[in-house]
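Single-letter residue listing:
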Amino acid sequence: MDPPPHETLVLALEQLYALGALNNRGELTKMGRKMAEFPVDPMVAKMILASEKLVCSRRVHGYGDGGNPAESVGFPWAWV
């Protein structure tokens, strides 16, 4: 297996930094630790955590409108 291109790694690290998962030294932050608990894309994990703080987690988790948008974005678990 070939290693990923350097540019891909840099972009991934930049995204994690922008999401608050890494600090300026490249270390995992408290937010990053929380995000790592979710088996989803980092942006989705950040959305889930932010929804709790913004008091809209029921809508993000699919209960607000009677549907389950969690399934449409690929959540692999049923308890959302």
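The coordinates are above.
Q: Hey, could you run me through the overall build of the protein in this one?
A: For the protein, the count of helices and strands is 5 helices and 0 strands. With 80 residues in all, the protein has 22% of them scored as buried. A fraction of 23% describes how many contacts in the protein between residues 6 or more apart in sequence connect residues 24 or more apart. Accessible surface for the protein amounts to roughly 6200 Å². Of this, 59% is attributable to carbon and sulfur atoms.

Q: Help me understand the pattern of salt bridges in this model?
A: Charged atoms that come close allow side chains of opposite charge to pair. With the rule as written, the count across this model stands at 1 salt bridge. A salt bridge links Arg 25 to Glu 27; the nearest nitrogen and oxygen atoms lie 2.7 Å apart. Since its relative accessible area comes to 35%, Glu 27 is described here as partly exposed.

Q: Honestly, the nonpolar core in this entry has me stumped. Any pointers?
A: Within soluble globular proteins, side chains that are nonpolar generally end up buried alongside one another. Membership of the largest hydrophobic core is limited to 8 residues, which are Leu 19, Ala 21, Met 35, Phe 38, Val 44, Ala 45, Ile 48 and Leu 49. The element that contributes the greatest number of residues to this core is helix H3 (residues 42-53), accounting for 4 residues. Other than its neighbours up to four places away in sequence, Met 35 contacts Leu 19, Ala 21, Pro 42, Ala 45, Lys 46 and Leu 49.

Q: Before we go on, may I ask you to explain helix H1 (residues 6-18) in this structure?
A: Side chains three or four residues apart in an α-helix point the same way, a direct result of the helix having 3.6 residues per turn. In a regular helix each residue adds 1.5 Å, so 13 residues correspond to 18 Å; H1 covers 18 Å between its end C-alpha atoms and thus fits that length. Gly 20 sits one or two residues past H1 and shows a positive phi near 85°.

Q: Looking at this structure, how should I read H3?
A: Under the 1.5 Å per step criterion, the end-to-end length of H3 is 17 Å for 12 residues, consistent within 8% with the ideal 16 Å. All of the buried residues in H3 are Val 44, Ala 45, Ile 48, Leu 49 and Ser 51. Projection of H3 onto a plane perpendicular to its axis shows the buried side chains occupying an angular sector of 155°, all on one side. Positive phi shows up at Val 55, right after H3, with a value of about 55°.

Q: Looking at this structure, how should I read the side chain of Thr 29?
A: Tracing the sequence through the fold places Thr 29 in the loop between H1 and helix H2 (30-36). Side-chain polar atoms of Thr 29 contact the backbone nitrogen of Gly 32, separated by 3.0 Å. Apart from residues no more than four positions distant in its own chain, Thr 29 is found in contact with Gly 20, Ala 21, Leu 22 and Asn 23.

About the cut-offs
- Residues numbered from 1 in each chain as written.
- Predicted model: local features only at pLDDT ≥ 70, side-chain atom pairs only at ≥ 80, totals over all residues.
- Heavy atoms only, no water.
- Helix = DSSP H or I, 4+ residues; strand = E, 2+ residues; numbered from the N terminus.
- Buried < 20%, exposed > 50% of the residue type's maximum accessible area, 1.4 Å probe, protein only.
- Contact = heavy atoms within 4.5 Å.
- Areas by Shrake-Rupley, 256 points an atom, 1.4 Å probe, with all protein chains shown as cover.
- Salt bridge = Lys/Arg side-chain N within 4 Å of Asp/Glu carboxyl O.
- Core = buried A, V, L, I, M, F, W, Y, C linked by side-chain atoms within 4.5 Å.
- Expected span 1.5 Å × (residues − 1).
- Arc of directions from axis to C-beta.
- Polar contact = N/O pair within 3.5 Å; in protein donor to acceptor, adjacent residues only side chain to side chain.

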